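# Examination of the molecular architecture
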Amino acid sequence: MNVERITEKLNILADAAKYDVSCASSGSKRKNENKGLGNASNGICHSYTEDGRCVSLLKILLTNHCIFDCAYCVSRKTNDIQRAAFTVQEVVDLTINFYRRNYIEGLFLSSGIFKDADYTMERLVRVAKKLRTEHNFNGYIHLKSIPGASDEIMREAGMYADRLSVNLEMPTEAGLKLLAPDKNRQDMIDPMAFLNKEIIQRTEEKKLFKKAPMFAPAGQSTQVIIGATPENDNQILQTANHFYKNFNLKRVYYSGYVPVLADKRLPALNTSVPMVRENRLYQADWLLRFYGFKVNEIVNNDQPLLDLDIDPKLGWAIRNMQAFPVDINKADLQMILRVPGIGVQSAQKIVSARKFAKLNWDQLKKIGVAINRAKYFIICKSNEFERRDLTGTNIKQFILAESKSKYLKNATTQLSIF
Amino acid sequence: MTSLIYDGTFEGLLTAVFEIYDRHLTHVKLIKGEFYTSALFEDLVKIATDDVRAGRVLKGLKQKLSATGVQRLYIAHMAELENDDDTIVGYIRYVFDSDQNIEDDYGNKYVMRVSEIFNMMRRERHRMEAFVRFQKLKDETFYAAVQPDFNVLPMLIKHFKNRYADQKWIIYDLKRNYGLYYDLHDTEFISLEFSAVKNPGNVITAFCEDEGIYQHLWKNYFNSVNIPARKNTKLHLRHIPRRYWKHLTEKI
């Protein structure tokens, strides 16, 4: 093995893949059969980079040679960078050896488009096939669906991969046309729709025949880039909601644009990464998937932007003061989930615990409720509760005044003149 | 107040519970250990672990709790927290004093505390599943040293045995001086003699040839995937507290 050359390739092709934020290794249920190597179930983050993101998979490009010229992408054709390509065997060796040392949960393989879509996709599938069939590897494999790849190849991909994803990149078609003139949104949606149909059909089959082979057991995901184009949060979340509903996506990832390229269509190079906005979008996404919120309750045409100061659940609550206060000891689970400061686990604990006895503030605190936010919205077994008739704006001010936001790097200290 | 001295095992603790009911004790305190010099006027009872009595208490628990409930209690005891034996005894007494299954009564302080301890144990187990870093030795055994906050090695057997079924491996707890060894068939507890080794966490002399190469590649990979524009040290440290760094290949 030429260590220097492999190191160089790994550095180039890992660096080029890092802007894909998906790192999930959960949702699959692949068992280790016949004393092979590995399994995939709940997902483990094996390490964390200095930017605090999880490292769960060996996330690399097969190559960064690309025939496309997308403005937001470091690997675009006209960008003057070092190019490299792994052989199939090199990727297999890296994956197996990293996996055996418990560095990773598996492989995330993407690629620049060389020659054409099918040729590229076929190479990705070849890596997965080799791992599964020659090395009895049962760890997690996430493959990129290359836009425009044929149904036949996508079907084969689903036989070996746990998850497949195709990145929408821009939240709207107009955004995509502006920054990625070579790409066509329909080419991205086609493989996604095909896989969705195929997954549904295979799941039905598996109900009838237990032995039927798995087909992309961890489903599909996608990613949209935030802040490169002027779409508002309403457009972004409506898009996400559309794909959750119609394509059964497991996840939509929101990737704050990191300015790496100078282009007059893009934010300037010194623009900071919109990390707070990204965080608010993920919070909103969680409300859609786990808290029973409808997308229009969070954003709509009158309320197109998420509030950066406060989380979207608190935002909804102060716009809907008529729904509060909620009686913790009586309200149903769906309503308790809507109280700011109460998460899914706390809500479930509350509903279990109150069957034994009514709960008071101390107990709620112990259970894990963030009292500093929840106290304005609930009553419990106590005479002490918020009696003032506060407006939503008042509450927002009180909460902001006593919270230390993780995003406020330089606390605004006011100068005192006297 | 009666102090009950027991041997620190779960069976010992269950025997102590038996004694509490047998002697109709109300105010009790559990103390681990063989010897104990007491204050002059304190009541002291030395508990001799008794499998039959422990078995009867366990049987009672199984009747009143779900299987998961009993397991959680056992794991909470494995945490070996200084003052929480009394929590576990309090929990068991609450179980026996109630007509219904109380394991979801999070308003009760014992139930809540056992749930907290269980979560601490589960978090530590999960960290070990993530932070174990095997090094391949000349005889093809994959060796990892760890220093977990709690005694979680027994909770790791199933995960690592399922995952690494086709390689021999050792996970060694340097803090508690014992380890797990998987020989391609079964796992067993082992203890190693490290007197000749300066740093048992890093046994470079015994490395297989390509071990250094893959460690080098992994470190390079780890650095390449970082996005400097998003640096967030606080978050980084929350996910990987410093005390785990010395056994993490990418952080050494």
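Residues numbered from 1 in each chain as written. Chains lettered and ligands numbered in written order. Predicted model: local features only at pLDDT ≥ 70, side-chain atom pairs only at ≥ 80, totals over all residues.

## Thoughts on the overall build of chain A
Note the following rule: In this text, helices come from DSSP runs of H or I with a minimum length of four residues, and strands from runs of E with a minimum of two, each type numbered from the N-terminal end. Working definition of burial: number of other C-beta atoms within 10 Å of the residue's own, with buried at 20 or more, exposed at 12 or fewer, and partly exposed in between, all C-beta atoms being placed from the backbone. By the criterion used throughout, residues are in contact when their C-beta atoms, derived from the backbone, lie within 7 Å.
Helix and strand counts for chain A come out as 15 helices and 10 strands. Overall size of chain A, expressed as C-alpha extent along the three principal axes, is 70 × 60 × 40 Å. Going through the 418 residues of chain A one by one, you find that 43% of them count as buried. For chain A, the share of sequence-separated contacts (at least 6 apart) that also reach a separation of at least 24 residues comes to 69%.

## Quick look at the interface of chain B and chain A
Test applied: Each residue is assigned to one class: nonpolar for Ala, Val, Leu, Ile, Met, Phe, Trp, Tyr, Cys and Pro, charged for Asp, Glu, Lys and Arg, and polar for all the others, Gly among them.
Residue-level contacts link 39 residues of chain B with 44 residues of chain A. Counting only elements with at least two residues in the side of chain B that touches chain A, the list comes to helix H5 (109-131), helix H6 (157-163), helix H7 (211-224) and helix H8 (233-239) of chain B. Take the side of chain B that touches chain A: its biggest share by element is 8 residues, from H7 of chain B. A class-by-class count of the residues in the side of chain B that touches chain A yields 20 nonpolar, 10 polar and 9 charged.

## Concerning the domain arrangement of chain A
Counted only if it meets this: The split into domains, and so the bounds of each, comes from an automatic or database assignment of domains.
Taken domain by domain, chain A comprises domain 1 (3-218) and domain 2 (312-402). The C-alpha centroid of domain 2 of chain A is placed 42 Å from the C-alpha centroid of domain 1 of chain A.

## Quick word on the sheet that holds strand E7 (residues 178-182) of chain B
All names here are of chain B. The condition is simple: When DSSP finds two or more bridges between a pair of strands, those strands are recorded as paired.
Sheet architecture is open: 5 strands sit in the order E4-E5-E6-E7-E8, paired in mixed fashion. Edge positions in the sheet fall to strand E4 (135-136) and strand E8 (187-190), since each has one partner strand and no second. By the bridge criterion, 2 bridges tie E4 to strand E5 (residues 142-146) in an arrangement that is antiparallel. Following the sheet pairing, Lys136 is matched in E5 by Phe142.

## Looking at the pairing of strand E3 (residues 57-61) of chain A
Here is the key point about a regular strand: its side chains alternate between the two faces of the sheet. Residue and element names in this part refer to chain A. With respect to burial, E3 is a largely interior element, 5 of its 5 residues being buried. Burial along E3 is two-sided: Leu57, Lys59 and Leu61 facing one way and Leu58 and Ile60 facing the other are all buried. When E3 meets strand E4 (residues 106-110), the two strands line up parallel, connected through 5 bridges. Bridging from a neighbouring strand, Leu57 pairs with Gly106 of E4.

## Re the pairing of E5 of chain B
All names here are of chain B. With 5 of its 5 residues buried, E5 lies for the most part within the structure. Side chains of E5 alternate between two faces, with Phe142, Ala144 and Val146 and Tyr143 and Ala145 buried alike. Counted between consecutive antiparallel strands, the loop separating E4 from E5 contains 5 residues, among which Glu140 sits at a positive phi close to 75 degrees. In the sheet, E5 pairs with strand E6 (residues 169-173) via 5 bridges, with the strands oriented parallel. Of the residues in E6, the one forming a bridge with Tyr143 is Ile170.

## Section: the domain arrangement of chain B
By domain assignment, chain B separates into domain 1 (2-123) and domain 2 (132-251). Computed from C-alpha atoms alone, the centre-to-centre distance between domain 1 of chain B and domain 2 of chain B is 34 Å.

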